[in-house]
Amino acid sequence: MFFEGSEKKIELVVEAGCPPLRSLGYPFWHKVVKAAEADILSTLSNQYCDAYLLSESSLFVWDDRCLMLTCGNTTLVNSALLLEEHLGSDNIAFFSYQRKNEYQSQLQHTSLQQDLDKLRSKLPIKAYQLGYLDSHHHFLLHLDKPYTPAKNDITCELLMYHTQGPAADYLRSTHQTIEQIRALLKLDIILPDFELNDFLFEPFGYSVNAIRGKDYATIHITPEQHSSYVSFETNLNLGGAHAYIVKQLLAILQPASWDTVGFNCQPFSPLSAVQFEVGKCTQPLDCGYILDFRHYQHLQKTTLPTKQL
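Residues numbered from 1 in each chain as written. Predicted model: local features only at pLDDT ≥ 70, side-chain atom pairs only at ≥ 80, totals over all residues. Heavy atoms only, no water.

Asker: Got a sec to walk through the state of the cysteines? Specific residues and values, please.
Answerer: A full pass over the atoms with the stated rule returns 0 disulfides. Left unpaired, Cys-66 is separated from the closest cysteine sulfur, that of Cys-49, by 10 Å. Using a relative accessible area of 2% as the deciding quantity, one classes Cys-66 as buried. The thiol of Cys-287 is not disulfide-bonded; the next cysteine sulfur, from Cys-281, is found 14 Å away. (Disulfide = S-S within 2.5 Å. Buried < 20%, exposed > 50% of the residue type's maximum accessible area, 1.4 Å probe, protein only.)

Asker: How would you summarise empty space enclosed by the protein if you had to cite specific residues and measurements?
Answerer: All chains considered together, the criterion is met by 3 cavities of 30 Å³ or more. Of the pockets and cavities examined, the largest cavity occupies roughly 200 Å³. Taken together, 23 residues line the largest cavity, and the ones lying closest to its centre are Glu-7, Gln-98, His-138, Glu-157 and Leu-159. Of all the secondary-structure elements, those providing two or more residues to the lining of the largest cavity are β6 (92–100), β8 (137–143), β9 (155–163), β12 (215–222), β13 (229–234), β14 (255–263) and β16 (290–298). Considering only residue class, the lining of the largest cavity consists of 11 nonpolar, 6 polar and 6 charged. (1 Å grid on protein atoms, 1.4 Å probe; cavity = no way out; pocket = protein on both sides within 12 Å on 5 of 7 lines; lining within 4 Å. Points joined across faces, edges and corners; volume = space filled by probe spheres on them. Helix = DSSP H or I, 4+ residues; strand = E, 2+ residues; numbered from the N terminus. Nonpolar A, V, L, I, M, F, W, Y, C, P; charged D, E, K, R; others polar.)

Asker: Would you mind going over the side chain of Thr-260 in detail, with residue names and values included?
Answerer: Within the secondary structure, Thr-260 is located in strand β14. Apart from residues lying up to four places away in sequence, Thr-260 is in contact with Glu-157, Leu-158, Phe-268, Ser-269, Asp-292, Phe-293, Arg-294 and Tyr-296. (Contact = heavy atoms within 4.5 Å.)

Asker: Break down the layout of surface pockets for me, citing the residues and quoting the values.
Answerer: To find leftover empty space, one rolls a probe the size of a water molecule over the atoms. If you add up the space inside the largest pocket, you get close to 500 Å³. Forming the boundary of the largest pocket are 21 residues, of which Arg-65, Asn-152, Asp-153, Lys-214 and Asn-235 lie nearest the centre. Elements that contribute at least two residues to the lining of the largest pocket include exactly β5 (65–70) and β12. Class assignment for the residues of the lining of the largest pocket results in 8 nonpolar, 5 polar and 8 charged.

Asker: Give a detailed account of the sheet that holds β14, specifying residues and quantitative values.
Answerer: Sheet architecture is open: 8 strands sit in the order β10-β11-β12-β13-β9-β14-β16-β15, paired in antiparallel fashion. Each edge of the open sheet carries a strand with a single partner, namely β10 (195–200) and β15 (275–284). Ignoring which end each strand starts from, the neighbouring axes of this sheet average 10° apart. As defined by bridge partners, β9 adjoins β14 across 8 bridges and the pair is classed as antiparallel. From the neighbouring strand, Met-160 faces β14, where its bridge partner is Trp-258. Docked against the sheet, helix α5 (residues 178–185) engages β10, β11 (206–212) and β12, running at close to 120° with respect to β10. Contacts from helix α7 (residues 243–253) reach β9, β13 and β14, with the element oriented near 10° to β9. (Pairing = 2+ DSSP bridges. Axes fitted to C-alpha atoms, helices over the stretch in contact; angles between N-to-C directions.)

So, in structure tokens, the structure goes:
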């Protein structure tokens, strides 16, 4: 069994004076999600944010911004084009698009170059590649337009590959429950006072959206044996007061390798004698953010076996 867990991501901020994005309502966001060939499973809302749990990851909508993550073979670029068409390019203050190289890129409906060409047909876009093209790498595209983010505007992403150990075994097992997964991940400890909305997929796979005031977090687990992937994203400062979250998740899921991607956030992965920082990149972006990307490996984790056929 194979499922592409690695996610594509868009984030968009509207100019001051635009109607609140939340006022566009469920029917509009349903259309946006459908454009990516995904479905809305359920929603969670508070005073500041509407969080949509999707068949392939998540959508968060605030009055002035939205972000959407999709995995599998989704066509997230089409959602971005729909948003640009509806809002108008002049009303977009900031836009970014992220995509990681996939395990099986031949199964994707579009390539990164095709996505870039589509976006550049509508918006001025700058593009960056993080890492080597013939190995582990990410792409970041952003609107080529001056933008000044607020001082507390940060994003932290922890992306984990080839999870191992008891937690990974359980997440691949049958007869799982949402309650047991919440306990396994210690969500009550790492996300205290957050409202949770989660879903357990068949035969396995797990997603959770969490909101607390203007704060958000989301976890997506693709536990397949040879392509396991877990993502955690939040606007909590993982390089500061919330550094314990990263330490906790790495200890529970025991990935063989992982990435951290931070926007205006200090590096946030702990290092020990058995962890190695393979590479790093710090890039000031013309859109006002400082991007920090790092790739780590666990020295004591065995590599996956190969089999000659």
